Amino acid sequence: MTYYSPLRYPGGKGKISTFFSELFTANNLVGGTYIEPYVGGGSIALYLLMNRIVNRIIINDMDRSLFAFWHSVLNNSEEFCQLITNTPVTMETWHLQREIQRNKADVDLLSLGFSTFFLNRTNRSGIIKGGVIGGLNQTGNYLIDARYNPDKLRERIQAIARFSNHIELFNLDAVELVNNLQNDLPNNSLFYFDPPYYVKGKGLYMNYYNDQDHLDIYNAITQIENQKWIVTYDKVDFIRDLYINYRMFEYSLNYSAATVGKGKEYMILSDNCILPPVSPIKLSHNQ
Ligand SMILES: C[S@@+](CC[C@H](N)C(=O)[O-])C[C@H]1O[C@@H](n2cnc3c(N)ncnc32)[C@H](O)[C@@H]1O
């Protein structure tokens, strides 16, 4: 599988990209718009755009570090690539980049975006606040640059920049994004919501949700009338009960960051969304 995202993302959904391409075909949405309000590493959005399954992607992340990364790739790709070329992958740089995250509200977007990228590529499991690969003393089997291939990463960034006219980026709360967009979107659009996990969110991501947040986004999602939507979540009773009136399936993903082994997830679909006849991922009915 080709990787399009320059970011390694904890819980990243790259593996279900092919499912989404089948979904677009089944729903007659090829050439349409894909909206991902919790974009994170963006692997599905990039897969769909770069394989020309959709013509436009709208991506959003409320976390300023993630927003800064995408903003820099889309608007300052050359400077970004130069930073990759000129920045040594050392522990000294790592400490400097970590300091930038501590002032993330004030620092300029290019510096913050590069810092997000650098730490994502040099930290264990891509967790920005996590520890460096190989440990602070660099005595592990894998070292700080084990996941940092400058040539490949620059290529990915340049490839995204070439599609920048087809990408809209926002830095909003997902509820606000949905409310702002809804009336302006064509009907051949599909939203994919991958909110912070109910249980695992706290450890993995910089932002996490409480019950009220899960309820608020549920209300926004279920008010979408003319477009189609899909939501995925970790498999917990609160989520099952919340979406009880919608079609819900279970499927498995291999987490790189959370528990070892397979994590079960829920996938919930809007009533107007047709499931692909042959699914690249195994969906089981939720009892
Ligand atoms: C589960 S992750 C999404 C992962 C993404 N689907 C991927 O495959 O890489 C959740 C993302 O939502 C972002 N986020 C958290 N709270 C948010 C909010 N209220 N509105 C928008 N984005 C938010 C986090 O910064 C994080 O990147």
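Residues numbered from 1 in each chain as written. Predicted model: local features only at pLDDT ≥ 70, side-chain atom pairs only at ≥ 80, totals over all residues. Heavy atoms only, no water.

K.L.:
Help me understand the pairing of strand E3 (residues 167–170) in this model?
P.N.:
The two faces of the sheet receive side chains in turn, since in a regular strand these alternate between them. Alternating residues of E3 divide into Ile167 and Leu169, all buried, and Glu168 and Phe170, none buried. Note: strand E2 (residues 54–60) against E3, 4 bridges, orientation parallel. For Ile59, the partnering residue across the bridge sits in E3 and is Leu169. (Buried < 20%, exposed > 50% of the residue type's maximum accessible area, 1.4 Å probe, protein only. Helix = DSSP H or I, 4+ residues; strand = E, 2+ residues; numbered from the N terminus. Pairing = 2+ DSSP bridges.)

K.L.:
What is the right way to read the pattern of salt bridges from this model?
P.N.:
When charged atoms on two side chains of opposite charge get close, those side chains can pair. One pass over the full model with this rule turns up 7 salt bridges. By sharing partners, the salt bridges in this structure join Asp237, Arg240 and Asp241 into a single network. (Salt bridge = Lys/Arg side-chain N within 4 Å of Asp/Glu carboxyl O.)

K.L.:
Whenever I open this one, the domain arrangement of the chain confuses me. Can you help?
P.N.:
Interfaces are often sized by the accessible area lost when the parts come together. Along its sequence, the chain is organised into domain 1 (18–62 + 172–285) and domain 2 (83–160). The C-alpha centroid of domain 2 is placed 28 Å from the C-alpha centroid of domain 1. (Domains from an automatic or database assignment.)

K.L.:
Teacher, can you tell me more about helix H10 (residues 211–222) here?
P.N.:
Residues lying three or four places apart along an α-helix face the same way, a consequence of the helix completing one turn every 3.6 residues. With 12 residues, H10 ought to run about 16 Å at 1.5 Å a step, and its terminal C-alpha atoms sit 16 Å apart, in line with that. Where H10 is concerned, the buried positions are His214, Ile217, Tyr218, Ala220 and Ile221. With its buried residues spanning 165° around the axis, H10 presents them on a single face. Between the side-chain oxygen of the N-cap and the backbone nitrogen of Gln212 there are 3.1 Å, and the N-cap of H10 in question is Asn210. (Expected span 1.5 Å × (residues − 1). Arc of directions from axis to C-beta. Polar contact = N/O pair within 3.5 Å; in protein donor to acceptor, adjacent residues only side chain to side chain.)

K.L.:
I tried to follow the site of the ligand on my own but got confused; where do I start?
P.N.:
Around the ligand, the surrounding shell holds 23 residues, and the nearest of these are Tyr9, Asp61, Asp173, Ala174 and Asp194. Between Tyr209 and the ligand, the recorded distance is 3.1 Å, taken from a side-chain N or O atom to a nitrogen atom. A total of 600 Å² of accessible area belongs to the ligand in isolation, and the protein chains cover 99% of it. Here the shell around the ligand is composed, by residue class, of 11 nonpolar, 6 polar and 6 charged. (Near = heavy atom within 4 Å. Areas by Shrake-Rupley, 256 points an atom, 1.4 Å probe, with all protein chains shown as cover. Nonpolar A, V, L, I, M, F, W, Y, C, P; charged D, E, K, R; others polar.)

K.L.:
How do you make sense of the environment of Val39 when you look at a structure like this?
P.N.:
Its location among the elements puts Val39 in the loop between strand E1 (32–36) and helix H2 (43–50). In this view, Val39 contacts Ile59, Asn60, Asp61 and Trp70; residues no more than four positions away in its chain are not counted. (Contact = heavy atoms within 4.5 Å.)

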